[in-house]
Structures are given as C-alpha cells and as structure tokens.
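Listed below, chain by chain, are the residues.
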Amino acid sequence: MAALVELRDVVKHFPVTRSLGEIVRGAHPAVHALDGVTFDVGDGDAVAIVGESGCGKTTLGRLMLKLVEPTGGAITFAGAPMAGLAGERLRDFRRQAQLVFQNPFDALNPRFTIYRAVVEPLINAGIDKAEHADRVASAFRRVHLADFDRYFDRYPHQLSGGQLQRVVMARALVLGPRFLVADEPVSMLDVSVRAGILALLREVRETMGLTAVYISHDLALVRYLCERTLVMYLGRVVEDAPTEEIVRRPRHPYTQALVAAVPVPDPDQSRQPLPIKGNVPDAREPPSGCSFRDRCPHAMPRCAAETPLLRATADGHRIACHLE
Amino acid sequence: MILEVDNLQIHYSTRDGTARAVDGASFVVPEGRIVGLVGESGCGKTTAVRAIMGVLAENGRQAGGRVVFKGQAMDEATTRRLRWRDIAYVPQSAMSSLDPVYTVGSQLIEVLTKRGGFSRTAARARSVELFDLVGLNERRLADYPHQFSGGMRQRAAIAIALALEPSLLLADEPVTALDVIVQRQILDVLRSLQQRLKVSMVLVTHDISVVAYLCDEVVVMYAGQVVESGPVREVLARPRHPYTMGLRNAFPDLLSDALELVPIGGSPPDLREPLSGCRFVPRCPFAQPACSLDTAMSGNGAHQSACRRDSEADTLRTAALDPRTWQRSSSFAMS
Ligand SMILES: Nc1ncnc2c1ncn2[C@@H]1O[C@H](COP(=O)(O)OP(=O)(O)OP(=O)(O)O)[C@@H](O)[C@H]1O
Ligand SMILES: Nc1ncnc2c1ncn2[C@@H]1O[C@H](COP(=O)(O)OP(=O)(O)O)[C@@H](O)[C@H]1O
Ligand code: SF4
Ligand code: SF4
Ligand SMILES: [Mg+2]
Ligand SMILES: [Mg+2]
C-alpha cells in the first residue's frame, strides 16, 4: 500500500539556554528530541509510537502535522514535501490532518461553549455557514454523544472527562480528515471511560477510513488500536514491527524491558524481573554510540563506538541494535 | 490486624449540600500485608486514606464509624501522636508535594530532626540510608526537586514517608501517570519495603494491574462504599460483585487474546444526592427491583461482596464476559 506520510532521516533539535561555561566555550547545546527518524505510515494504517516520557513522541506527532518544522530531514504527505506546503495547499493539509490532544481537560478553551469548540475548525477552514449545523451534528453523532444538542450550550468544566474526550474527537473529525494523530488520547481518563473511547477510536478509523498515529507509553492500550508499533528511545526508533510481534517477541533490549514492565491484571501471571536499571539519560547529552548502552544488559565495546542503524531483519522487524 | 476501618463515614460540606464521600466503609489491613484500594475516580479512596491519616480537607469531617490501629481506637489526639511515626502517608500529588525552594536532602533532614528528634549528624546518615532504600543515589540529596524526574520525586516522597520507620504506609496513587518502567521500579521498591522492613501498606490505585502485581488483598470501593474485598487472587480470578467484573473487563491486558475492551457505561453517582440501596443500579446490567434495598457484605471466609444477587455470582460472571451484556445497562449511551 502507498505511504500517506513518509519521514526520512528526520532530526529535531531544540536550542536550550546556555550555561556560562557553555557560552565561554562557544558551545551550542541542544536537546536532541529526534535524531534521524525514518519510517512510512501506509494509507489507511494505524501506527503506534511508544516509549518513555521525553523520548520524542509528541515532537514526532507535531512534526507530522507541520506544527513544528524539522531541523533536518524530510517529511512528505501524500507524496508532497511538507516543507514546501503554503497558501491554499497548506490550508488543505490542515483540513486533512488533525490532532487529538493528550489531555482533554487542556484541549478546549474553557470560555467557549461545546458547540463553539466543534464549529471553530469549520469557521477557520472557511466552510459555508449554511453547512455548519449539519456538520457539527454529524460529528457529534460519530462520537456517540447521545442527545448531543443538550451539550451545545455547556462549557468544558460541566462535562465529565469521557464526554470531554468525545467532544475533542468531534472537533478533530468535523472537517472529515484523512490523517489523525492522537497523543495519549486516554491517559488522563478513568479505566471504565477509557474502554469506551478506545472502541470509538477504532470505530471512527474504520468507518471514516482514517490513517492514524497513536502516541502512548502504554503498550497494553496500543494493542487494541494499532497493527504496527514503533518503539522509540531518546529520539530514535529502536524497533518497528507488527504490534503482536512487539508484545510477544520483542527483540531490541529496550523493547524487551518495556514489555517486561507492563503490568497485567492477572496475579497468576508470573512476571520476570525488570531487565534494566536507571533512568533515561538527559536528551542534551545522549551517550555516544547506542544511546541505550548505559542501561542495556548486553552492551559491548562496539555499542559505545558505533551508533546502531535501524535495519530490517528476516522476520519483518526493523531493529537498531548491534546484536542483530 | 494492624488497621481496622469500621463503618467509616466522611462528609464534606459544600455549597450544594453534604457530599457523603465515604459512606459506611469497612475493611481491615492484616499485619505485614499490602492492601489495594481500587475504584474509579470519585469513589472515596483518597478521602478514606486521608481520614485514616487524620489529614482531611478543612470542609471534611468524620460523621461516624471508627478507625482502630493496633487495637487502639483512634481519636484526634492519638492520630496526631502516631502520624508520621507509626502511620505515614504518600499523598496523591506526592510529585508536587516537595518544596521547590529546598534541596530534597534538607527536606528529609528536616523531617528527621523536627518530627523524629534525630541529631543533624544522625539525620544525615539516615538520609543516605533512606535514599539507598528507595533506589536513589546519595549524591542526589543535594539536588532541588526540579532536578528530579517524576519517578525520582515519587521515590523521594516515599523516602520522606519512611523516615521515621512507620509500621503502616498509606500510598495514594503512587505510580499513576508514570511510565511503565518507572512504575515497575517504584512498585519493586514498595515490595522490598514490605519484605525487608515488614511495613504494612494501603495502596490506593485505579489500576487493577498494579493491584495484581503488588497487593495481597484488595478492597473495591464504589460510591463511598466497599462493594467487594478479599485475597487478590480470588477477587480478580472470581469477582463476585458486578462492579468488580466490569472493572476487570475494562482493563487492557497485554497478554490476553481478547482484543476488545468493554466499558462500564455511565459514571459513579453524585455523592451529594441522597442515595440508597445498591449504588451501582443505574450501571449494572444485572439490576433487579430488589437491588434498591441495602445489601450488607456477605460471603464465606475472607472473600466478601455486597450484591443482592451474590448467590448467582458464577452465572453473572460468565454473562459479564460477554461485551453485549454491558450494552444492556441503562446508562450505556451516556458515558
Ligand atoms: N519546545 C521545546 N523546547 C525545548 N525542548 C523541548 C521542546 N519540546 C520538547 N522538548 C524536549 O524534547 C524531548 C522530547 O519531548 P517530547 O515532548 O516529544 O517527549 P514525549 O515522548 O512526548 O514525552 P511524554 O511521554 O512525557 O509526553 C524532551 O527532552 C523535551 O524536554
Ligand atoms: N474537599 C472536598 N470538598 C468537597 N468534596 C470533596 C472534597 N474532596 C473530595 N470530595 C468529593 O468526595 C468524593 C470522593 O473523592 P476522593 O476521595 O478524592 O475520591 P477518589 O480518591 O476515589 O478519586 C468525590 O465526589 C469528590 O468530588
Ligand atoms: S546496540 Fe548495544 S547497547 Fe544498544 S541495545 Fe544493542 S546491545 Fe544494547
Ligand atoms: S445489587 Fe443489583 S444492581 Fe447492585 S450490583 Fe448486585 S445485581 Fe447489580
Ligand atoms: Mg508527549
Ligand atoms: Mg484520589
């Protein structure tokens, strides 16, 4: 299947405030949020991006929506380089690509009614006013907010977390997008509500034929949404494989640790001890070579000298590790 | 039993009337055990542990029931005497409970000298021990909280709670919102405290997987009441209350073959409204007219539940596994 989004060697550095010593030395330190990320998102696919806090997931999502510009590398959307999008073509891209925020409680303007929140993208996109009411109503129907007109005059604080997340989704869907990036769409929600939102995400993806990228640190959740998962560590993709492969046969030592750490709701399931220690290193000073090497139980001298490249294996994974 | 909570009633006065945040909850913590307190948000978990610790919000008061610690009924004076020494608490927002102006080490030393009567030298040595205990490097004692990651702050909060060697630790959502690896590291710290120091614990969480990993016993709360309790293995393998069955179904499981999660429709009731009978009626797929009557906890042995249809629990449990069952409850469309 043709790729809808293609990333080639994408780099994103954020400049940071320099310390006096760094100024004196003429150093220009930067946060290496993303360091050479390459992958395709096939048209109609659902791809998950997982990894620990700070590994660059949100940054990657924002780049794919052209909310920030890469420091290096190239991204294309439906074959067109995103760097060159401007004017009418950029507006068209903005209609086609939508974001569902990490936290529904922050995603909506507290002073706007629910109706206003959902109609706003239509106004911004210059959609004929005569169509607004119908399109808003159909977006609300899509997210199964029963008796939706009851919600129109309410404000975000008058809704529960689950209802809010449905409104946030209605807002993302109202323009009939083709590509959706959902950043931790359920991490702030209660367990019981979460299940409903996940089912809804699956349903809209199928009925609207969306291509979707789901960002999460929870592999257990991702399994319910995505056929394919990319695992990130400190700004790099370390493993890319079908989700079931990642969960059942993780190959990269970091993926193995991530899978071992996921708690399961069954007390009889014996859990192997966590194979790694310590924390993610500072993204300002990533270790040389493999950035996972200070935590990796298999690290060897080569891992400090040489950065492992993401390479395809015979069984359909892509893995960045010298063990492969 | 190190702790017995008996028919506890906690009321908050609010502009719109009294909220019965805890409405007759009873449970026990056996010596040396870890008890998980689970339920959706707003079910009264935080209120219950704050009441035990004697640190209720201004507008909260104990309207009934009692808390018995090591055989002694707690009143305000005993609570104050035991607080931090014998019973310690890691608050829900522990990550932000550290003071940004002082180094983490000096906050630890403050607790040891002020509350524990340690000399400064002894306090310094003890700080190193405590950091080691929770897996922090002693060099980090000199850091300010903002230099710590979320997981490190959570460890520091646990170190502070453990400073005076309490025999009971109350930890409110200690791993919620943390990455799975950090989460696991902290759960392992708590387990080693139980094993090495024989600390008893109440662990508040809404995550059944956390309970499965760490706890010996589980207490399920719904709308201010305990609806099911017992040994973790039994309760999770054979839940008897439909609410527990629903929670269990709603939970993602990395290893299960079922690729569908089943939500419990609706949400917990507003605790400011007068409620009677089973609080779960509007969301329960098995509700019957008789459910509007109050039902006490019952069961053989340690596994207890409060459901009118308890005698049919095995049948209900089978039905609860079918996703269609849950679309039947009246509040399904409203979540
Ligand atoms: N605007 C910015 N300026 C400077 N640094 C930034 C900026 N945005 C992100 N970063 C840094 O880039 C790195 C990646 O951040 P990002 O938000 O993408 O992580 P994430 O994987 O989404 O984490 P989380 O799971 O916590 O949401 C981090 O080190 C972060 O501090
Ligand atoms: N200070 C307070 N004043 C009024 N109501 C409160 C206060 N604290 C909590 N509540 C209410 O008490 C109920 C139980 O809350 P809480 O104990 O925080 O539950 P949980 O920890 O299970 O999420 C909720 O309905 C909540 O809104
Ligand atoms: S490259 Fe080396 S350090 Fe990195 S994951 Fe592989 S074995 Fe471990
Ligand atoms: S008492 Fe009735 S409503 Fe309550 S949980 Fe049991 S069956 Fe459901
Ligand atoms: Mg993020
Ligand atoms: Mg709470």
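Residues numbered from 1 in each chain as written. Chains lettered and ligands numbered in written order. Predicted model: local features only at pLDDT ≥ 70, side-chain atom pairs only at ≥ 80, totals over all residues. Heavy atoms only, no water.

### A short note on the state of the cysteines
Thinking step 1. Under the criterion given, the structure shown has zero disulfides over all chains.
Thinking step 2. Here Cys55(A) is not disulfide-linked; the sulfur of Cys290(A) is the nearest cysteine sulfur, at 14 Å. (Disulfide = S-S within 2.5 Å.)

### Quick word on the domain arrangement of chain B
By a frequent convention, interface size equals the accessible area lost on bringing the separate parts together.
Thinking step 1. What the domain assignment lists for chain B is domain 1 (101-161) and domain 2 (239-327).
Thinking step 2. On a C-alpha basis, the centroid separation for the pair domain 1 of chain B and domain 2 of chain B is 43 Å. (Domains from an automatic or database assignment.)

### Comments concerning the site of ligand 2
Residues and elements named next belong to chain B.
Thinking step 1. Around ligand 2 sit 14 residues in total, of which Gly-42, Lys-45, Thr-46, Thr-47 and Asn-59 are the nearest.
Thinking step 2. Between an oxygen atom of ligand 2 and a main-chain N or O atom of Gly-44, the distance comes to 3.0 Å.
Thinking step 3. When ligand 2 is considered free in solution it has 560 Å² of accessible area, and contact with the protein chains removes 69% of it.
Thinking step 4. Among the secondary structure elements, those contributing two or more residues to the shell around ligand 2 are β1 (3-14) and α1 (45-53).
Thinking step 5. Per-element tally for the shell around ligand 2: the top contributor is α1, with three residues.
Thinking step 6. A breakdown of the residues in the shell around ligand 2 according to their chemical character gives five nonpolar, seven polar and two charged. (Near = heavy atom within 4 Å. Polar contact = N/O pair within 3.5 Å; in protein donor to acceptor, adjacent residues only side chain to side chain. Areas by Shrake-Rupley, 256 points an atom, 1.4 Å probe, with all protein chains shown as cover. Helix = DSSP H or I, 4+ residues; strand = E, 2+ residues; numbered from the N terminus. Nonpolar A, V, L, I, M, F, W, Y, C, P; charged D, E, K, R; others polar.)

### With respect to the sheet that holds strand β2 (residues 17-29) of chain B
Residue and element names in this part refer to chain B.
Thinking step 1. Taking strand neighbours across the sheet as the criterion, the four strands line up as β2-β1-β4-β5 in an open arrangement whose pairing is antiparallel. The open sheet has two free edges, formed respectively by β2 and β5 (72-73), since each of these has just one partner strand.
Thinking step 2. Note that β1 and β2 share ten bridges and pair antiparallel. If you follow Leu-8 over to β2, its bridge partner there is Ala-25.
Thinking step 3. Across the sheet, α1 lies against β1, β2 and β4 (60-69), angled at about 110° from β1, the strand it touches most. (Pairing = 2+ DSSP bridges. Contact = heavy atoms within 4.5 Å. Axes fitted to C-alpha atoms, helices over the stretch in contact; angles between N-to-C directions.)

### Examining the packing of aromatic side chains
Thinking step 1. Within the structure shown, the criterion is met by twelve aromatic pairs over all chains.
Thinking step 2. When the centroid spacing of 5.9 Å and the interplanar angle of 50° are considered together, the rings of Phe77(A) and Phe179(A) count as tilted. Taken together, the positions of Phe77(A) in strand β4 (residues 72-77) and Phe179(A) in strand β7 (residues 179-183) put the pair 102 residues apart, joining distant regions of the chain. As far as the burial class goes, Phe77(A) and Phe179(A) line up, both buried.
Thinking step 3. A centroid spacing of 4.4 Å and a plane angle of 50° characterise the contact between Tyr222(B) and Tyr243(B), whose relative ring orientation is tilted. Of this pair, Tyr222(B) sits in strand β9 (residues 217-222) while Tyr243(B) sits in helix α9 (residues 242-250), and the two are 21 residues apart along the sequence.
Thinking step 4. Aromatic ring contacts, followed pair by pair, group Phe77(A), Phe93(A) and Phe179(A) into a single cluster.
Thinking step 5. Above the face of the Trp84(B) ring, Arg115(B) is positioned so that its terminal group lies 4.3 Å from the ring centre.
Thinking step 6. Between Arg191(B) and the ring centre of Tyr213(B), over which it is positioned, the NZ or CZ distance is 4.7 Å. (Phe/Tyr/Trp six-rings, centres within 6.5 Å; stacked < 30°, edge-to-face > 60°. Buried < 20%, exposed > 50% of the residue type's maximum accessible area, 1.4 Å probe, protein only. Lys NZ or Arg CZ within 6 Å of the ring centre and 35° of its normal.)

### A look at the coordination of the magnesium ion (ligand 6)
Residues and elements named next belong to chain B.
Thinking step 1. Taken together, the protein ligands of the magnesium ion (ligand 6) are Thr-46 (OG1) and Gln-92 (OE1), with distances of 2.0 to 2.4 Å. Here Thr-46, found in helix α1, pairs with Gln-92, found in the loop between β6 (87-90) and α3 (104-115); they are 46 residues apart in sequence, far enough to count as distant.
Thinking step 2. Overall, the relative accessible area of 23% leaves Thr-46 in the partly exposed class.
Thinking step 3. Judged by its relative accessible area of 41%, Gln-92 falls in the partly exposed class. (Donors = N, O, S within 2.8 Å, 3.2 Å for Na, K, Ca; no water.)

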